[in-house]
Amino acid sequence: MPALAGELSSDPDFLSSHLPLWASMEYRAVGSGEEEFAALVGPNIGEIWWSSLIWPDVPDCGVYGEADNARVSLLFNCRAQGLDKCSDDHTVLVHVRRRNRDGSAERHTSWLAEQIGQSVIGPPQE
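All values derive from a computational prediction rather than experimental measurement.

Please clarify how the state of the cysteines should be interpreted in this entry.
Two cysteines form a disulfide when their sulfur atoms are joined by a covalent bond. One pass over the full model with this rule turns up zero disulfides. Free of any disulfide, Cys 86 has its nearest cysteine sulfur in Cys 78, 7.2 Å distant. Exposure remark for Cys 86: the relative accessible area of 58% places this residue in the exposed category.

Can you help me understand the pattern of salt bridges in this one?
Pairs can form between side chains of opposite charge once their charged atoms are near each other. Applying the stated rule across the entire model yields one salt bridge. A salt bridge links Asp 89 to Arg 79; its shortest N-O distance comes to 2.9 Å. Of this pair, Asp 89 sits in the loop between β2 (71–76) and β3 (91–95) while Arg 79 sits in the loop between β2 and β3, and the two are 10 residues apart along the sequence. The class for Arg 79 is partly exposed, based on a relative accessible area of 47%.

It is not clear to me how the sheet that holds strand β1 (residues 46–50) should be interpreted in this structure. Could you clarify?
The strand order β1-β2-β3 describes an open sheet built from three strands, whose pairing is antiparallel. Across the chains shown, the open sheet's two edge strands, defined by having one partner strand only, are β1 and β3. Averaged over neighbouring strand pairs, the angle between their axes works out to 15° when direction is ignored. Judged from the five bridges that link them, β1 and β2 form a sheet pairing that is antiparallel. Its bridge partner lying in β2, Glu 47 is registered against Leu 75.

Got a minute to help me understand the confidence of the model for the protein in this structure?
Close inspection of predicted coordinates is inappropriate in any region flagged by low pLDDT. With 82% of its residues at a pLDDT of at least 70, the protein reaches an overall mean of 79. By mean pLDDT, the top-scoring element of the protein is β2 (86), and the lowest-scoring one is helix α1 (residues 12–16) (74).

Teacher, can you tell me more about the pairing of β3 here?
Residues in a regular strand point their side chains to alternate faces of the sheet. Residues of β3 alternate between two faces, with Thr 91, Leu 93 and His 95 buried on one and Val 92 and Val 94 left unburied on the opposite face. Bridge count for β2 against β3 is five bridges, and the pairing is antiparallel. In the sheet register, Ser 73 faces β3, and the bridge partner there is Leu 93.

Thresholds applied
Residues numbered from 1 in each chain as written. Predicted model: local features only at pLDDT ≥ 70, side-chain atom pairs only at ≥ 80, totals over all residues. Heavy atoms only, no water. Disulfide = S-S within 2.5 Å. Buried < 20%, exposed > 50% of the residue type's maximum accessible area, 1.4 Å probe, protein only. Salt bridge = Lys/Arg side-chain N within 4 Å of Asp/Glu carboxyl O. Helix = DSSP H or I, 4+ residues; strand = E, 2+ residues; numbered from the N terminus. Pairing = 2+ DSSP bridges. Axes fitted to C-alpha atoms, helices over the stretch in contact; angles between N-to-C directions. pLDDT = per-residue confidence, 0-100.

In structure tokens:
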């Protein structure tokens, strides 16, 4: 049954009895709930994903504007998109078009990681 987050109890016993939970933050600005979500997830597996993104044109890096399957996922305590492999850290997955087998996925992910002072640490997943 859908409910607004403010209407839910933050009591872990209440929440755990309703797992798995699904939440939508559609129309919420980035940075407006991620910290609270991370605290709520705690040591459990969770995911936040941003969709309907548009890759910018960065020709010097071989990145070209596209909106087809442009999505970013933040996985809590997990390393795989299937959310079935528990870990003790978090993973960011960058989704790009599968039909681009020309290395553009690597260029997109490397460019995005550089924007936050990081680097790509794992191989592509399909």
